[in-house]
Amino acid sequence: MPDLGTYAGAVLGAYGISFALLGGLVALTLLRAARAKKALAAAEARNGGIPND
Amino acid sequence: MRLSGRVLPVLSALAAVSLAAGLVWGFFFTPDDYQQGSTVKIIYLHVPAALMAINAWIMMLVASLIWFIRRHHVSALAARAAAPVGATFTLVALATGAIWGQPMWGTWWAWDPRLTSFLILFVFYLGYIALWEAVEDSEKAADLTAALCMVGSVFALLSRYAVLFWNQGLHQGASLSLDKEENVADVFYQPLLLSIAGFVLLFVVLVLIRTRTEIRLRRAAALDQRGTARA
Amino acid sequence: MRALLARELTLALRAGGGAPQGLVFFLIVVLLVPFGIGPAPDRLAGVAPGTLWIAALLSCLMTLDRLFQTDFEDGSLDALALSPLPMEAVVALKALAHWLTTGLPLTLIAPLLAVTLNLPASAYPWLVAGLLIGTPALSMIGTIGAALTLGLRRGGLLTGVLTLPLYIPTLIFGARSAIAAADGQDPVPALALSAALTLAIAAATPFATARILAIQLR
């Protein structure tokens, strides 16, 4: 851990908030991707479509 | 779809590696700035996020133009996929900027041209996303949002210059430019480039995943529609 | 063309057409500001141009729905699209009618309301000139927002979300000129920029809006 001096709170806060925001975005993206995959598979099963990809 | 499926893992890995390397290098192995102290480390998040916040809009504009001219469906979906990513990057740039501004300028927020322009950009992203959500017919939604993106680009640019006229700012000049005089020092420059590469790759990966999601959802909807039509 | 303009004007001025309400709305927003920031005359003087401009923006926004919505619902817009008049001209005429019934009257009563807000005397001509030059752009830009949200069930709020950010440049230049005059600075540059902006917007928006309407009518 480097010595951040008086500004430790600011630096760590900035990194914390950024990681939270970007992490949230990545998590949401992956969640939605998984859901879409499942929805498509279900739709294909229902309608007898040929799965491609 | 097949090509993007194959390159996606590679790109994801590259994004993770360069992002981690750039940020770790910047966070642990760079000296403090003689004026800013350790807050200079925020630059590795702030500058790449800000850069990509603007580039994401430009990418949406290009995708919208392609949709308008060639009516290539994937391009409309890619523009839709990029908007939340761009909005999040804008938010990261604003948040890190505020946190940096508090100890350095003595204020969280100032109505400085750059800050204000980013807030305006954020509002444009939100409006764009809201219009996508509001229009039910997907073809019409793609057309309308593409039109909004083009109109919005013109007005975002106009606002940028209007805001410059409105108030002189606190914000420093470009951190990165071809004009070396203005640049940040080399010690900070190299990890910064690496983390910019990381943000670019992260953007590409996220947009690819989200575009694939949109394609799948649309395909599922089309299948169901055909199914009910047949039944 | 003149017939269309006359039709638009009668529709707007007729009871329930919305034009008088737009003006009343303008009055009420200005009335609310002293309650929000206190009655001190010098403080009100400082925010007078901004208040009048924001109120003008909002009352323009509130009256946008009558631009295309009813014509879209009863099919008149389809008829207009099929008429020999190009859609760009229809849009320009509708924007003109909207300005004549919203922006122009509001510009005329703005000096009266400015008295209640204690605006310095030197700023009056510039406030009126600024509104006179800036409000046509508001009507023009409004056609874009109104066209984009046409036919949406909960379009009202979205119209605001999409339109208000587009008003930023007009607001900046328009309000700046009156503020500069009130502060004893040169108000001409802001007014000149405002005029240039309005001309550019008036030249370009009919094409953009006509394109969007074509999408909506497809």
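Residues numbered from 1 in each chain as written. Chains lettered and ligands numbered in written order. Predicted model: local features only at pLDDT ≥ 70, side-chain atom pairs only at ≥ 80, totals over all residues. Heavy atoms only, no water.

### Some thoughts on helix 7 (residues 124–148) of chain C
Then, number 1: Taking 1.5 Å per residue, 25 residues should reach 36 Å; helix 7 of chain C reaches 36 Å between its end C-alpha atoms and fits that length.
Then, number 2: At C:Gly134, helix 7 of chain C shows its maximal kink, close to 30°; a proline, C:Pro136, follows between one and four residues later. (Helix = DSSP H or I, 4+ residues; strand = E, 2+ residues; numbered from the N terminus. Expected span 1.5 Å × (residues − 1). Bend = angle between axes of the 7 residues up to and from the residue.)

### Considering the pattern of salt bridges
Then, number 1: In total, this model carries 9 salt bridges over all chains according to the counting rule given.
Then, number 2: Note that B:Glu133 and B:Arg80 form a salt bridge whose closest N and O atoms lie 3.7 Å from each other. One end of the pair, B:Glu133, is in helix 4 (residues 113–134); the other, B:Arg80, is in helix 3 (residues 73–105), and 53 residues separate them in sequence.
Then, number 3: Relative accessible area serves as the criterion here: at 22%, B:Arg80 is assigned to the partly exposed category.
Then, number 4: A salt bridge links C:Asp71 to C:Lys94, with the shortest nitrogen-to-oxygen separation between them at 2.6 Å. (Salt bridge = Lys/Arg side-chain N within 4 Å of Asp/Glu carboxyl O. Buried < 20%, exposed > 50% of the residue type's maximum accessible area, 1.4 Å probe, protein only.)

### With respect to the layout of surface pockets
Then, number 1: Estimated volume of the second largest pocket: approximately 510 Å³.
Then, number 2: Along the walls of the second largest pocket sit 19 residues, with B:Thr116, B:Trp166, C:Ile168, C:Leu171 and C:Ile172 positioned nearest its centre.
Then, number 3: The dominant element in the lining of the second largest pocket, judged by the number of residues it contributes, is helix 9 (residues 168–182) of chain C, at 6 residues.
Then, number 4: Its residues assigned to classes, the lining of the second largest pocket comprises 16 nonpolar, 2 polar and 1 charged. (1 Å grid on protein atoms, 1.4 Å probe; cavity = no way out; pocket = protein on both sides within 12 Å on 5 of 7 lines; lining within 4 Å. Points joined across faces, edges and corners; volume = space filled by probe spheres on them. Nonpolar A, V, L, I, M, F, W, Y, C, P; charged D, E, K, R; others polar.)

### Describing the interface of chain B and chain C
Then, number 1: Listed per partner, the contact involves 26 residues of chain B and 25 residues of chain C.
Then, number 2: When the area that chain B buries against chain C is broken down by residue, the three leading residues are B:Leu144, B:Phe155 and B:Phe165, summing to 26%.
Then, number 3: Applying the counting rule to chain B against chain C returns 1 salt bridge.
Then, number 4: C:Arg218 is the salt-bridge partner of B:Asp143, the closest N and O atoms lying 2.6 Å from each other.
Then, number 5: Taken together, the links from chain B to chain C amount to 2 residue pairs in polar contact (both at pLDDT 80 or more).
Then, number 6: Looking at which element gives the most residues to the side of chain B that touches chain C, the answer is helix 5 (residues 138–166) of chain B, with 14 residues.
Then, number 7: In terms of residue class, the side of chain B that touches chain C is made up of 19 nonpolar, 2 polar and 5 charged. (Contact = heavy atoms within 4.5 Å. Buried area = accessible area lost by both parts, 1.4 Å probe. Polar contact = N/O pair within 3.5 Å; in protein donor to acceptor, adjacent residues only side chain to side chain.)

### Topic: empty space enclosed by the protein
Then, number 1: Inspection of every chain in the model, using the stated rule, returns 1 cavity of 30 Å³ or more.
Then, number 2: The calculated volume of the largest cavity comes to roughly 60 Å³.
Then, number 3: Looking at the largest cavity, the residues that line it are B:Trp57, B:Val123, B:Phe124, B:Gly127, B:Tyr128, B:Leu148, C:Val161, C:Leu162 and C:Pro165.
Then, number 4: Those elements that provide at least two residues to the lining of the largest cavity are helix 4 of chain B together with helix 8 (155–163) of chain C.
Then, number 5: No other element matches helix 4 of chain B, which puts 4 residues into the lining of the largest cavity.
Then, number 6: A per-class count over the lining of the largest cavity returns 8 nonpolar, 1 polar and no charged.

### Description of the interface of chain B and chain A
Then, number 1: Of the residues lining the interface, 41 residues belong to chain B; the matching set on chain A comes to 32 residues.
Then, number 2: A combined buried area of about 3,300 Å² lies between chain B and chain A, and 72% of that area is made up of carbon and sulfur atoms.
Then, number 3: The three residues of chain B that bury the most area against chain A are B:Phe27, B:Arg216 and B:Leu223, which together make up 19% of that side's buried surface.
Then, number 4: Applying the counting criterion to the chain B and chain A interface returns 2 salt bridges.
Then, number 5: B:Asp224 serves as the salt-bridge partner of A:Arg46, at 2.8 Å between the closest nitrogen and oxygen.
Then, number 6: Our enumeration of links across chain B and chain A arrives at 4 residue pairs in polar contact (both at pLDDT 80 or more).
Then, number 7: Elements with a minimum of two residues in the side of chain B that touches chain A: helix 1 (2–28), helix 2 (43–70), helix 3 and helix 6 (186–230) of chain B.
Then, number 8: Considering each element in turn, the side of chain B that touches chain A owes the most residues, 16 residues, to helix 6 of chain B.

### A few points about the environment of B:Val10
Then, number 1: Within the secondary structure, B:Val10 sits in helix 1.
Then, number 2: Given a relative accessible area of 51%, B:Val10 falls into the exposed group.

### As for unusual backbone geometry
Then, number 1: One non-glycine residue with positive phi stands out, namely B:Arg71, at about 50°.
Then, number 2: Structurally, B:Arg71 can be placed in the loop between helix 2 and helix 3.
Then, number 3: In the Ramachandran plot, C:Asn118 falls in the positive-phi region, its phi being about 65° despite a non-glycine side chain.

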